[in-house]
Amino acid sequence: MDIADLVAIREIEQLKYRYVRALDHKDWELFRSCFADDATATYGDRLEFASPDDIVAYMRENLGPAMITLHQVHHPEIELAGDEALGTWSLQDRVIMTDFRLLLDGYSCYRDRYARGADGAWRIAHTGYERIYEHLVSMDDVPSFNLLANKFATG
Amino acid sequence: MDIADLVAIREIEQLKYRYVRALDHKDWELFRSCFADDATATYGDRLEFASPDDIVAYMRENLGPAMITLHQVHHPEIELAGDEALGTWSLQDRVIMTDFRLLLDGYSCYRDRYARGADGAWRIAHTGYERIYEHLVSMDDVPSFNLLANKFATG
Amino acid sequence: MDIADLVAIREIEQLKYRYVRALDHKDWELFRSCFADDATATYGDRLEFASPDDIVAYMRENLGPAMITLHQVHHPEIELAGDEALGTWSLQDRVIMTDFRLLLDGYSCYRDRYARGADGAWRIAHTGYERIYEHLVSMDDVPSFNLLANKFATG
């Protein structure tokens, strides 16, 4: 492993951090820029997308201000192969559905593929995860539940 | 990006990890040593500090043994500019207020500034975060709640 | 710090990520391969092991499909000393005991020792943590609790 490899690994990690930051801040333009033009995605058993525009369209439509998403990714294991790379990550996510008064906690194992473009920038070529665990609870079971801060609160 | 950049980025990450470890272990001397002498801080909308001594005094006074804090920081995006640097991080924190029987869960986006001193060591010049989400629940809603371990338990 | 140090630190981080991935996926062969042959472990006040086979035997026996474990490690502070190294980490773990309907949330501070073998590979020589915080709650207090995904569900 030489310095170019260390730099490439770091660039891929930065890409992934930008991807989750864009997702949770609902910055769909930044989110789109993380994907290669032929990127695909498979999130668990329920969601599969054949293009980056499909991924972005789904997120934009389903993750409005009443869906607070909090994704954090850990444990990067990156394998480089020239201008391609594979990445394994551990995901923890929480979704607060303020309209439905539901709180979802999940854990997944991501297996991504990355590609370095002609411009030298790494992008996500495929992203996908296996769901390890997921639970849903209603805030109605926790009468004291008090939402103190919400960046996406409206009105 | 050369090897000096990679080392500087790693040193800044180590600084941040030391900062949260000192905070959660209530090691206020170590916590103070993470800040430059002219450091400032802005934590969400509620807390603003004009000096490192003010930051430390507030934490020391408000985070006694009945306030267990658990901060974990993720997704470092570090931008170097000579002896200064900017850092973006994703924070997840939990505070357990044993006297009040309250449990707080929060998520924030940190935007820090770092400075390298004449001694070559990086320190926090400014730290601040935007609160993305925060909730509070009472343990009274969860009668089975059983605190099995607490490093800061007294008596 | 030179490039060999940066590579060694990264290899140790990869080792730790493989260790938690193996643990949570219940891949006991991969888990065993993370340890040196004379490795020891001390998990909090309750669990101490004198050999890697003892560690693996305990986990295999106690962490069956009705014990979903989710470990995530953060904040690596790695100190190299030739073919040995020390590592401090922040752990967050959750255990879902589906048969007992219990959910455990814990936080620990890991202090590990690593050794590089004659084959050049880093392995865990000692792993141990101090428990900072741990709570247990019963799902009976949360009637809406709905387990939506479980990689280890049987039947």
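Structure shown above.
Below, the structure is looked at part by part.

About the thresholds
- Residues numbered from 1 in each chain as written.
- Chains lettered and ligands numbered in written order.
- Predicted model: local features only at pLDDT ≥ 70, side-chain atom pairs only at ≥ 80, totals over all residues.
- Heavy atoms only, no water.
- Helix = DSSP H or I, 4+ residues; strand = E, 2+ residues; numbered from the N terminus.
- Buried < 20%, exposed > 50% of the residue type's maximum accessible area, 1.4 Å probe, protein only.
- Contact = heavy atoms within 4.5 Å.
- Least-squares fit on C-alpha atoms with pLDDT ≥ 70 in both.
- Pairing = 2+ DSSP bridges.
- Core = buried A, V, L, I, M, F, W, Y, C linked by side-chain atoms within 4.5 Å.
- Buried area = accessible area lost by both parts, 1.4 Å probe.
- Salt bridge = Lys/Arg side-chain N within 4 Å of Asp/Glu carboxyl O.
- Polar contact = N/O pair within 3.5 Å; in protein donor to acceptor, adjacent residues only side chain to side chain.
- Nonpolar A, V, L, I, M, F, W, Y, C, P; charged D, E, K, R; others polar.
- Expected span 1.5 Å × (residues − 1).
- Arc of directions from axis to C-beta.

**As for the overall build of chain A**
1) Next: Of regular secondary structure, chain A possesses three helices and seven strands.
2) Next: Starting at the N terminus and ending at the C terminus, chain A contains elements arranged as α-α-β-β-α-β-β-β-β-β.
3) Next: Seen through its C-alpha atoms, chain A measures out along the principal axes to roughly 55 × 30 × 25 Å.
4) Next: Out of the 155 residues belonging to chain A, those deemed buried represent 57%.
5) Next: A sequence separation of at least 24 residues applies to 56% of the contacts in chain A between residues at least 6 apart.

**Some points on the relation of the copies chain B and chain C**
1) Next: Between chain B and chain C, the superposition needs a rotation of 120° and an axial shift of 0.0 Å, giving an RMSD of 0.0 Å. Each copy turns onto its partner about a three-fold axis. Among all residues of chain B, the one whose C-alpha sits closest to the rotation axis is isoleucine 3 of chain B, at a distance of 4.0 Å.

**Considering the relation of the copies chain C and chain A**
1) Next: Placing chain C over chain A gives an RMSD of 0.0 Å and needs a rotation angle of 120°, together with 0.0 Å of translation along the axis.
2) Next: Of all interface residues in chain C, a mere 19% are interface residues in chain A too; the two copies therefore contact each other through different surfaces.

**A word on the pairing of strand 4 (residues 84–97) of chain B**
Residue and element names in this part refer to chain B.
1) Next: In terms of burial, strand 4 is largely enclosed, as 12 of its 14 residues are buried.
2) Next: Pairing of strand 3 (residues 67–81) with strand 4, which is carried by 13 bridges, proceeds in the antiparallel orientation. Bridge pairing in strand 4 places leucine 70 opposite arginine 94.
3) Next: What sits between the antiparallel neighbours strand 3 and strand 4 is a turn of two residues, in which glycine 82 has the positive phi angle 65°.

**Some details on the nonpolar core**
1) Next: One finds Tyr133 of chain A, Tyr133 of chain B together with Tyr133 of chain C to be the most contacted residues of the largest nonpolar core, which totals 39 residues.
2) Next: Once you skip the residues sitting within four places of it in the chain, tyrosine 133 of chain A turns out to touch Asp105, Gly106 and Tyr107 of chain A together with Ile68, Leu70, Ile96, Leu103, Phe145, Leu147 and Ala149 of chain C.

**Remarks on the interface of chain C and chain A**
1) Next: Listed per partner, the contact involves 32 residues of chain C and 30 residues of chain A.
2) Next: In this assembly, chain C packs against chain A so that about 2700 Å² is buried in total across both faces, 57% of it on carbon and sulfur atoms.
3) Next: Among the residues of chain C in contact with chain A, Arg10, Gln72 and Arg94 of chain C are the three that bury the most area, contributing 23% of the side total.
4) Next: Among the ionic pairs, glutamate 130 of chain A bridges to lysine 151 of chain C, the shortest N-O distance being 2.9 Å.
5) Next: Summed over the shared surface of chain C and chain A, the result is 15 residue pairs in polar contact (both at pLDDT 80 or more).
6) Next: When residues of the side of chain C that touches chain A are traced back to their parent elements, those giving at least two are helix 1 (3–24), strand 3 (67–81), strand 4 (84–97) and strand 7 (146–150) of chain C.
7) Next: The element that contributes the greatest number of residues to the side of chain C that touches chain A is helix 1 of chain C, accounting for nine residues.
8) Next: Taken together, the residues that form the side of chain C that touches chain A break down as 17 nonpolar, nine polar and six charged.

**Description of helix 1 of chain C**
The α-helix winds at 3.6 residues per turn, so residues separated by three or four positions along the chain end up facing the same way.
Residues and elements named next belong to chain C.
1) Next: Over its 22 residues, helix 1 extends 32 Å from the first C-alpha to the last, a length consistent with the 32 Å expected when each residue adds 1.5 Å.
2) Next: Most of helix 1 sits out of view: 16 of its 22 residues are buried.
3) Next: The backbone nitrogen of alanine 4 lies 3.2 Å from a side-chain oxygen of the residue at the head of helix 1, namely aspartate 2.
4) Next: Count one or two residues on from helix 1 and you reach lysine 26, which has phi positive near 60°.

**Examining helix 3 (residues 52–62) of chain B**
Residues and elements named next belong to chain B.
1) Next: For helix 3, the full list of buried residues reads Pro52, Ile55, Val56 and Met59. Projected onto a plane normal to the axis of helix 3, the buried residues spread over an arc of 90° and lie on a single side.
2) Next: Summarising the contacts, the buried residues of helix 3 are in contact with helix 1 (3–25), helix 2 (28–33), strand 1 (35–43) and strand 2 (47–49).

**Structural notes on the interface of chain B and chain C**
You'll often see interface size given as the accessible area lost when the parts meet.
1) Next: On the side of chain C, 30 residues touch chain B, which itself brings 32 residues to the contact.
2) Next: The contact between chain B and chain C buries some 2600 Å² in all, and 57% of this surface belongs to carbon and sulfur atoms.
3) Next: Contact with chain C buries surface across chain B, with Arg10, Gln72 and Arg94 of chain B losing the most and accounting together for 23% of the total.
4) Next: On the surface where chain B and chain C come into contact, there are four salt bridges.
5) Next: Looking at the side of chain B that touches chain C, the elements that each hand over two or more residues are helix 1, strand 3, strand 4 and strand 7 (146–150) of chain B.
6) Next: Among the elements that make up the side of chain B that touches chain C, the one with the highest residue count is helix 1 of chain B (10 residues).
7) Next: A class-by-class count of the residues in the side of chain B that touches chain C yields 17 nonpolar, nine polar and six charged.

Coordinates in, geometry out; function isn't part of it.
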